[in-house]
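If you want the building blocks of each chain, they are given just below.
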Amino acid sequence: MRTKFCTAPAFGRCLPSELWIRPWKKEDARPLWFVGAQERLQSQNQRVDGVNNYLGRPREPAVCHSAPAAAVRQQAVDEKLGEFRLVYRFPWIKYCRVLSRLKLLQTATTTLLLPPVCYLYLQDQVSQNVLFYTTGIAFFAGAMLYGMSYFFRRIIGLIYLSETGCTVKVSHLTFWGRRNDIYCPVEAVVTLDETGDSKGELLLQFKRYNSTDVLYFTTRFGQIVDRQKFTQIFGELG
């Protein structure tokens, strides 16, 4: 529908002005809240259709990055002892552990007693002989502690071999009398033929190609639990 009307001009003429009026429809009579609700419903339907389209698409395969083989093997070794088979054990290692801790306690006690004795000597309450005696015991205990710990830390208590036959696990004592485990490949262990040790020797050397540390074990007082695996690690015991 097109209508024409005149506006009151400022100079007395009638200026035509046209307005385009669209035909009236039934939807125009709807209240505003109804129109807003309908728009929200349409937007929700569009979101639902989008989700359905997304779910209908094939899922892309996830890419998994595996950890390094050495880290996985190390973690498995720490968590499961059953993956290793006992090859050698030294039954007297527990007594070495007790003796090492007792020697550590004795050294600490004598060292703590030395300052009070020195103070009493300065106060003329003890003789010079007591001071020399206490000082000698303290230094002797420290020297014995160093020597015994040096020996005990190099005595192997247990030797294991993994089920795959690739990794060797060696257990020995620390300075504080605690257990320490060492892991190394079988290829890194020096055989007894290369170390020059014979079967009749009291202490046999445990050497590695990738380390300068030397540990010791004995077949005279120790027990070879699995001789086949022992030969696999150290070769034939001549």
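Attention here is on the structure that accompanies the text. Keep in mind that what you see is a predicted model, and the values were worked out from it rather than measured.

1. Remarks on the overall build of the chain
Moving on, step 1. When you go through the chain residue by residue, the secondary structure sums to 6 helices and 9 strands.
Moving on, step 2. In the chain, buried positions account for 26% of the 238 residues.
Moving on, step 3. Considering only contacts within the chain whose residues lie at least 6 apart along the sequence, 49% involve residues at least 24 apart.
Moving on, step 4. For the chain, the exposed area adds up to about 17,500 Å²; of that, 60% sits on carbon and sulfur atoms.

2. Some remarks on unusual backbone geometry
Moving on, step 1. Phi is positive for D124, which is not a glycine, with a value near 60°.
Moving on, step 2. Take D124: it is sitting in the loop between α3 (93-122) and α4 (128-152).

3. Structural notes on the packing of aromatic side chains
Moving on, step 1. Here the structure, examined in full by the defined rule, presents 10 aromatic pairs.
Moving on, step 2. Members of the aromatic cluster, each reached through a chain of ring pairs, are Y88, F206, F217, F230 and F234.
Moving on, step 3. Here the basic side chain of R154 rests over the ring of Y150, its NZ or CZ set 3.8 Å away from the ring centre.

4. Some remarks on the nonpolar core
Moving on, step 1. Counting residues in hydrophobic clusters, the biggest one holds 27 residues, and the most contacted among them are I159, V168, F206, F217, I233 and F234.
Moving on, step 2. The contacts of F217, once residues within four sequence positions are left out, are Y88, I156, L192, L202, L203, L204, Q205, F206, F230 and F234.

5. Some thoughts on a nonpolar patch on the surface
Moving on, step 1. Together, W92, Y95, F151, L202, L203 and F221 line one region of the surface with nonpolar side chains, adding up to about 620 Å² of accessible area.
Moving on, step 2. For W92, the position within the fold is in the loop between β3 (84-89) and α3.
Moving on, step 3. Look at W92 and you get partly exposed, because its relative accessible area is 47%.

6. Things to note about α4
Moving on, step 1. A rise of 1.5 Å per residue sets the reference length of α4, with its 25 residues, at 36 Å; its end C-alpha atoms lie 36 Å apart and thus fit the reference within 8%.
Moving on, step 2. Here α4 has its buried residues at L131, T134, A138, A141, L145, M148, S149 and F152.
Moving on, step 3. Where α4 is buried, its residues touch α3 and β5 (167-173).

7. Things to note about the pairing of β5
Remark: a regular strand shows side chains that alternate across the two faces of the sheet.
Moving on, step 1. Burial analysis of β5 places 7 of its 7 residues in the buried class, the great majority of the element.
Moving on, step 2. With burial as the criterion, each face of β5 is covered, one bearing T167, K169, S171 and L173 and the other bearing V168, V170 and H172.
Moving on, step 3. Bridge count for strand β4 (residues 156-162) against β5 is 5 bridges, and the pairing is antiparallel. Within β5, the residue paired with Y160 across the bridge is K169.
Moving on, step 4. Linking two consecutive strands that pair antiparallel, namely β4 and β5, is a turn of 4 residues; a positive phi of about 75° is found at G165 within it.
Moving on, step 5. Of the strand pairs in this sheet, β5 and strand β6 (residues 179-185) are connected by 7 bridges, and their pairing is antiparallel. Bridge pairing in β6 places H172 opposite N180.

8. Examining the pattern of salt bridges
Side chains bearing opposite charge may pair, as long as their charged atoms lie close to each other.
Moving on, step 1. For the coordinates displayed, the defined rule picks out 3 salt bridges.
Moving on, step 2. Here K169 and D181 are joined by a salt bridge, their closest N and O atoms 3.9 Å apart. One end of the pair, K169, is in strand β5; the other, D181, is in strand β6, with 12 residues separating them in the sequence.
Moving on, step 3. R179 serves as the salt-bridge partner of D181, at 3.0 Å between the closest nitrogen and oxygen.
Moving on, step 4. Members of the salt-bridge network, linked through shared partners, are K169, R179 and D181.

9. A short note on the environment of L104
Moving on, step 1. On the secondary structure map, L104 appears in helix α3.
Moving on, step 2. In this structure, the C-alpha to C-alpha distance between L104 and F175, residues 71 residues apart in sequence, is 8.9 Å.
Moving on, step 3. Apart from the residues lying within four places of it in its own chain, the contact partners of L104 are L145, F175 and W176.

10. Re the side chain of S100
Moving on, step 1. Looking at the secondary structure, you find S100 in helix α3.
Moving on, step 2. Residues within four places of S100 in sequence aside, it is in contact with F152, F175 and G177.

11. Examining the side chain of Q205
Moving on, step 1. Structurally, Q205 can be placed in strand β7 (residues 204-208).
Moving on, step 2. You can call Q205 buried: its relative accessible area is 18%.
Moving on, step 3. Every residue in contact with Q205, bar those within four places of it in the chain, is listed here: L192, T195, D197, V214, L215, Y216 and F217.

Rules and cut-offs
Residues numbered from 1 in each chain as written. Predicted model: local features only at pLDDT ≥ 70, side-chain atom pairs only at ≥ 80, totals over all residues. Heavy atoms only, no water. Helix = DSSP H or I, 4+ residues; strand = E, 2+ residues; numbered from the N terminus. Buried < 20%, exposed > 50% of the residue type's maximum accessible area, 1.4 Å probe, protein only. Contact = heavy atoms within 4.5 Å. Areas by Shrake-Rupley, 256 points an atom, 1.4 Å probe, with all protein chains shown as cover. Phe/Tyr/Trp six-rings, centres within 6.5 Å; stacked < 30°, edge-to-face > 60°. Lys NZ or Arg CZ within 6 Å of the ring centre and 35° of its normal. Core = buried A, V, L, I, M, F, W, Y, C linked by side-chain atoms within 4.5 Å. Patch = residues over 30% accessible without salt bridge, like charges linked within 9 Å, V, L, I, M, F, W, Y side chains within 5 Å. Salt bridge = Lys/Arg side-chain N within 4 Å of Asp/Glu carboxyl O. Expected span 1.5 Å × (residues − 1). Pairing = 2+ DSSP bridges.

Any functional reading would require information beyond the geometric quantities listed.
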